[in-house]
Amino acid sequence: MVRFENVGLRYGLGPEVLRDLSFRVEPHSFQFLTGPSGAGKTSLLRLLYLSMRPTRGLVTLFGHDLATLSQDALATLRRRIGIVFQDFRLLDHMTTYENVALPLRVLGKDEASYRHEVIELLRWVGLGERMLALPPVLSGGEKQRAAIARAVIAQPQLLLADEPTGNVDPELARRLLRLFMELNKSGTSVVIATHDIALMDLIDARRLVLHEGRLHVYE
Amino acid sequence: MSMNDRDRPGDFDERRQRELRPKDAARDILPKSVTPIVPADSIAGRALVVVIAIMTFLGSLTLGAVVLVRASALEWQSAVAQEVTIQVRPVEGRDIEAEVKKATDLAVATPGVSGVRPYSPVESARLLEPWLGTGLSLNDLPVPRLIVVRMASDGAPDFAALGKALATQVSGARLDDHRGWIERMRTMARTAVIVGLGLLVLVVSAMMLSVMFATRSAMASNRPIIEVLHFVGAKHGFIAGQFQRHFLLLGLRGGAIGGAAAMLLFLIAGFVGDWFTGTAGEDQISALFGSFAIGAEGYAAIIGLIVLIGVVTAGASRLTVYRTLDSID
């Protein structure tokens, strides 16, 4: 699904923040991406969600070499990836329902065709009563769940989550992890970037550990 | 895996089923209309409409003024160019009435002339009244007589031949075709129109630049929306289309407000002009500016300006979206 071979990344003329990264993310897999602050987790996630191109090495996603793809082709690939941002990035002028439905709306689908699906998912993540609420009035946990719902509504093959439990209490963190595992069970590959050791200890999953720009994989 | 029983993933299915039971209840509470992806109303958007309205108003005033000057200049020129004058000076020993008659006959016989009107002695005296006053007998003064020759609209009389014939056959006659006056008029009108057009180009350029910068500023607050759309897989064309549509409407709204205000001003000026009809002031103003009516041509030009503003605003937003997307990638 994702293949990195000798990938390096630098910003401008600065030093390489990622060095010789070689790993794969297999279909239906579940893994944590971890490492100390400044180790390059966010940079690696940005490469994974196609926000950047590597300065060297080969990245293939769903069998496509990223270096050869056009902007439109990248947008099409991005539709197969769900992203949960640490700062949620919900649109404040839209209701929770509309935020979650956004990926389907940009696909040009008719609202009537996805209404039931979105309502079902919102209930599933426990936001059935908050569908018409605007993000500014949602709690941190509710925003997090809305962001996760938006990331999975289009049934992505790969889910990337950046510190999804960073702003929530341990109980909610456990519930969110359970949600990710449910999604993984339904066939989505999951990569969770976190430095929450307690969260990672809850399940036995593969760990990708970044340290000083280099990656160590613990199966 | 070290999660307790309460947290088993299987519970999710049960809860999910339970929550889904009143399946359609929530559908009814969803609003019928969907919120636009780009917020319909924002402080930056309102400020942009105000900027566009003011700039369109100023641009429309300049445009209207140019149309007015051009129309007036053409009117002066054509009014003067449609007439020539034959002047018959009294010559000792000659009957001036007979000379006037001869000159009139020569003018009437010239092809391309639509009308000839010799001024009678009384009319000639009336022309001099503003300078000499009333009650004077002009019989003792050598007052020249005037014959006004009007050209047919499609005619081009041979004035050189007429001038020559008058000089040889009528004593004291001289043809004045106003050529010097027309030339001066033409130069003045051309200069006024060129200056007006120059001003219009400057005002419209300033208007375009300020609209572009105001659009870019308004777009800055929309960067998070562009980013989110980008990351949920929207293609660049889709994102640009959303903003372009929104800003086209903003531009047209601002342009319509400013343009309509300018049109209203021209209409009011026209009515005010009509009010003063017959007064000395109106004579002066209408001599300079015509009737203050910019006509269908002027109104069409203002509508064109409004459309141009809308297109520039939409184009600037599209360009900004692409720049933002480039900076994200």
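Procedures and definitions
- Residues numbered from 1 in each chain as written.
- Chains lettered and ligands numbered in written order.
- Predicted model: local features only at pLDDT ≥ 70, side-chain atom pairs only at ≥ 80, totals over all residues.
- Helix = DSSP H or I, 4+ residues; strand = E, 2+ residues; numbered from the N terminus.
- Rg over C-alpha atoms; globule rule 2.2 N^0.38 Å.
- Buried ≥ 20, exposed ≤ 12 C-beta atoms within 10 Å, placed from the backbone.
- Contact = placed C-beta atoms within 7 Å.
- Nonpolar A, V, L, I, M, F, W, Y, C, P; charged D, E, K, R; others polar.
- Pairing = 2+ DSSP bridges.
- Axes fitted to C-alpha atoms, helices over the stretch in contact; angles between N-to-C directions.
- Parallel < 35°, antiparallel > 145°, perpendicular 65-115°, else oblique.
- Left-handed = near helix turned anticlockwise from the far one by under 90°.
- Expected span 1.5 Å × (residues − 1).
- pLDDT = per-residue confidence, 0-100.

## Some words on the overall build of chain A
The helix and strand tally for chain A stands at seven helices and ten strands. Taking 219 residues into account, the globule formula puts the C-alpha radius of gyration at 17 Å, and chain A, at 17 Å, falls close to it. Here the C-alpha coordinates of chain A stretch approximately 45 × 40 × 30 Å along the principal axes. By residue count, 45% of the 219 residues in chain A fall in the buried class. When contacts within chain A are restricted to residue pairs at least 6 apart in sequence, long-range pairs at least 24 apart make up 69% of them.

## What to know about the overall build of chain B
Helix and strand content of chain B: eleven helices and four strands. Per-residue burial for chain B yields a buried fraction of 27% across its 329 residues. Of all intrachain contacts in chain B linking residues separated by at least 6 positions in sequence, the fraction that spans at least 24 positions is 86%.

## Some thoughts on the interface of chain B and chain A
Listed by partner, the interface residues are 30 residues for chain B and 34 residues for chain A. Among the elements of the structure, α1 (9-20), α2 (25-29), α8 (223-231) and α9 (236-275) of chain B are those that each provide at least two residues to the side of chain B that touches chain A. Top contributing element to the side of chain B that touches chain A by residue count: α8 of chain B, with six residues. Class assignment of the residues belonging to the side of chain B that touches chain A gives a composition of 19 nonpolar, four polar and seven charged.

## Re the sheet that holds strand β3 (residues 30-34) of chain A
Residues and elements named next belong to chain A. Read across the open sheet, the six strands follow the order β6-β7-β8-β3-β9-β10; overall the sheet is mixed. With partners counted over all chains shown, the strands left at the sheet margins are β6 (81-84) and β10 (214-218), one partner each. Adjacent strand axes in the sheet meet at a mean angle of 15° when their direction is disregarded. Relative to strand β7 (residues 158-162), β6 runs parallel, the two sharing four bridges. Residue pairing across strands places Val84 opposite Ala161, the latter belonging to β7.

## A short note on the sheet that holds strand β4 (residues 173-176) of chain B
Sheet strands pair by backbone hydrogen bonding; their relative direction is either parallel or antiparallel. Residues and elements named next belong to chain B. Read from one edge of the open sheet, four strands run β2-β3-β1-β4, paired in antiparallel fashion. In this open sheet, the two edge strands, each paired with only one partner strand, are β2 (113-118) and β4. The sheet shows a mean angle of 20° between the axes of neighbouring strands, direction not considered. Examined bridge by bridge, β2 and strand β3 (residues 145-151) share five bridges and lie antiparallel to one another.

## Some thoughts on the packing of α9 of chain B against helix α11 (residues 295-328) of chain B
All names here are of chain B. Contact pair α9 / α11: the axes reach a minimum separation of 7 Å and the direction vectors enclose 150°. As the angle between them shows, α9 and α11 are arranged roughly antiparallel. By crossing handedness, the relation of α9 to α11 is classed as right-handed. For the contact of α9 with α11, the per-class residue count stands at 21 nonpolar, eight polar and one charged.

## A word on helix α5 (residues 140-152) of chain A
Residue and element names in this part refer to chain A. A rise of 1.5 Å per residue sets the reference length of α5, with its 13 residues, at 18 Å; its end C-alpha atoms lie 19 Å apart and thus fit the reference within 8%. Most of α5 is tucked away: eleven of the 13 residues are buried. Along α5, the residues classified as buried are Glu142, Lys143, Gln144, Arg145, Ala146, Ala147, Ile148, Ala149, Arg150, Ala151 and Val152. Those residues of α5 that are buried are in contact with β6, α3 (96-106), α4 (111-124), β7 and α6 (170-185).

## A short note on the environment of Met52 of chain A
All names here are of chain A. Looking at where Met52 falls in the secondary structure, it is placed in the loop between α1 (41-48) and β4 (56-61). Sequence spacing of Met52 and Asp169 is 117 residues, and the spatial spacing of their C-alpha atoms is 32 Å. Apart from residues lying up to four places away in sequence, Met52 is in contact with Leu9, Arg46 and Leu47.

## Some words on the environment of Val113 of chain B
Inspection of the secondary structure puts Val113 of chain B in strand β2. Spatially, the C-alpha atoms of Val113 of chain B and Gln82 of chain B are 9.9 Å apart, while their sequence positions differ by 31 residues.

## What to know about the pairing of β3 of chain B
Note that strand β1 (residues 83-88) of chain B and β3 of chain B share six bridges and pair antiparallel. Bridging across to β3 of chain B, Gln87 of chain B finds its partner in Leu146 of chain B.

## Section: the confidence of the model for chain B
Any segment with low pLDDT has predicted coordinates that should not be analysed in fine detail. All names here are of chain B. A residue-level look at chain B finds 84% of positions with pLDDT of 70 or above and a mean pLDDT of 80. Taking the mean pLDDT of every element in chain B, the minimum, 48, falls on α1 and the maximum, 91, on α8. For the stretch residues 16-23, pLDDT sits under 50, and the model shows five contacts to residues farther than four places along the chain or on other chains. Among the prediction metrics, the complex's ipTM stands at 0.89, with pTM recorded as 0.71.

## Topic: unusual backbone geometry
Residue and element names in this part refer to chain A. Phi is positive for Gln155, which is not a glycine, with a value near 50°. With respect to the helices and strands, the residue Gln155 is situated in the loop between α5 and β7. Of the residues examined, Gln155 has 13 C-beta atoms within 10 Å and is grouped as partly exposed.

## Some thoughts on the environment of Leu132 of chain A
As for its placement among the helices and strands, Leu132 of chain A is situated in the loop between α4 and α5. Note on Leu132 of chain A: 13 C-beta atoms within 10 Å, which makes it partly exposed. A sequence separation of 36 residues divides Leu132 of chain A from Thr96 of chain A, and the C-alpha atoms of the two residues are 5.9 Å apart. Every residue in contact with Leu132 of chain A, bar those within four places of it in the chain, is listed here: Thr95 and Tyr97 of chain A together with Ile29 of chain B.

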